[in-house]
Amino acid sequence: MKRLFVYFLMLLSFEMIGQGIKIGFKAGMNYSNFTNSEIDTDAITSFHAGLVTEIQLFKYMSLQPELLYSTQGAELDNFGNQIKNELGYISIPVLAKFYLNDKLSLELGPQASFLLNERNEVAAGDSNTFDFAVAGGLSYKLGKHFFIQGRYGIGLTEPKRDAGVNNTVIQGSIGFMF
């Protein structure tokens, strides 16, 4: 009985993949900074990488959940010293994807991020472990499997307790869909 159930689930998943579910991966560069800061900050360049799924809902609309590792943060000028603060997140954007034509699409939606690590800490224990953001951007298909993306995300929660700042990130990605 267990074996029959497993075979049923496998057939169902293959049927769903044939009906408009695509799975892939992407990687790229981040250009991030803190906004609303009273301290001088400079943007840092880092990276993101992870899994992408596209679920076709209608002919010109899909849902695109992702699971990414993304490094964000800023360089802070603290009394003449430059302190680079990198925050490593597991990010889960869930974007509505609207196709403007067969290759170009507009993406918009929420993103939840969970702090995994922090390098060059500004102060121990002052980072929030959850960051909620809104992300939007464009994606362009390069043939059948490859794509490029440009995205902007702005945090709605503070990455540092009582700091009065928000994460912002510009992402450029290249990916592959199976």
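So, a few notes on the structure that sits alongside this text. (Residues numbered from 1 in each chain as written. Predicted model: local features only at pLDDT ≥ 70, side-chain atom pairs only at ≥ 80, totals over all residues. Heavy atoms only, no water.)

## Things to note about the pattern of salt bridges
Here the structure, examined in full by the defined rule, presents 7 salt bridges. Arg151 is the salt-bridge partner of Glu66, the closest N and O atoms lying 2.9 Å from each other. Pair noted here: Glu66 is in strand β4 (residues 61-78) and Arg151 is in strand β8 (residues 146-155), with a separation of 85 residues, a long-range link. Residue Glu66 is classed as buried on the basis of its relative accessible area, which comes to 3%. Notably, a salt bridge pairs Glu107 with Lys97, separated by 3.9 Å at the nearest N-O pair. With Glu107 in strand β6 (residues 104-119) and Lys97 in strand β5 (residues 81-99), this residue pair connects regions lying 10 residues apart in the sequence. Note on Glu107: relative accessible area 1%, which makes it buried. The exposure class of Lys97 is buried, given its relative accessible area of 5%. (Salt bridge = Lys/Arg side-chain N within 4 Å of Asp/Glu carboxyl O. Helix = DSSP H or I, 4+ residues; strand = E, 2+ residues; numbered from the N terminus. Buried < 20%, exposed > 50% of the residue type's maximum accessible area, 1.4 Å probe, protein only.)

## Some thoughts on the side chain of Asn167
Relative to the elements of secondary structure, Asn167 occurs in strand β9 (residues 166-177). Polar side-chain contacts of Asn167 include one of 3.4 Å to the side chain of Asp131. Beyond its immediate sequence surroundings of up to four residues, Asn167 is in contact with Asn33, Phe34, Gln72, Gly73, Leu87, Tyr89, Asp131, Gly153, Ile154, Gly155 and Pro159. (Polar contact = N/O pair within 3.5 Å; in protein donor to acceptor, adjacent residues only side chain to side chain. Contact = heavy atoms within 4.5 Å.)

## A closer look at the pairing of strand β1 (residues 21-35)
Strand residues, when the strand is regular, have side chains that alternate between the two faces of the sheet. Note that β1 and strand β3 (residues 44-58) share 12 bridges and pair antiparallel. For Gly28, the partnering residue across the bridge sits in β3 and is His48. Bridge count between β1 and β9: 12 bridges; the pairing is antiparallel. Counted as the bridge partner of Ser32 is Val169 from β9. (Pairing = 2+ DSSP bridges.)

## Focus: the nonpolar core
One finds Phe34, Ala74, Leu76, Leu87, Tyr89, Leu115 and Val165 forming the largest nonpolar core, which totals 7 residues. For this core, the elements supplying multiple residues, two or more each, are β4 and β5. Setting aside chain neighbours within four positions, we find Tyr89 in contact with Leu68, Tyr69, Ser70, Gln72, Ser113, Phe114, Leu115, Leu116, Asp131, Pro159 and Asn167. (Core = buried A, V, L, I, M, F, W, Y, C linked by side-chain atoms within 4.5 Å.)

## Description of the packing of aromatic side chains
Within the structure shown, the criterion is met by 6 aromatic pairs. Judged by centre distance (5.4 Å) and plane angle (55°), the ring pair of Phe114 and Phe130 falls under tilted. Taken together, the residues span a long stretch of sequence, with Phe114 in strand β6 and Phe130 in strand β7 (residues 130-142) at a distance of 16 residues. Relative accessible area serves as the criterion here: at 40%, Phe114 is assigned to the partly exposed category. Ring plane angle 70° and centroid distance 5.0 Å describe the contact between Phe146 and Phe176, whose orientation is recorded as edge-to-face. Taken together, the residues Phe146 in strand β8 and Phe176 in strand β9 connect sequence positions 30 residues apart. Clustering of aromatic rings is evident, with ring pairs tying together Phe25, Phe146, Phe176 and Phe178. (Phe/Tyr/Trp six-rings, centres within 6.5 Å; stacked < 30°, edge-to-face > 60°.)

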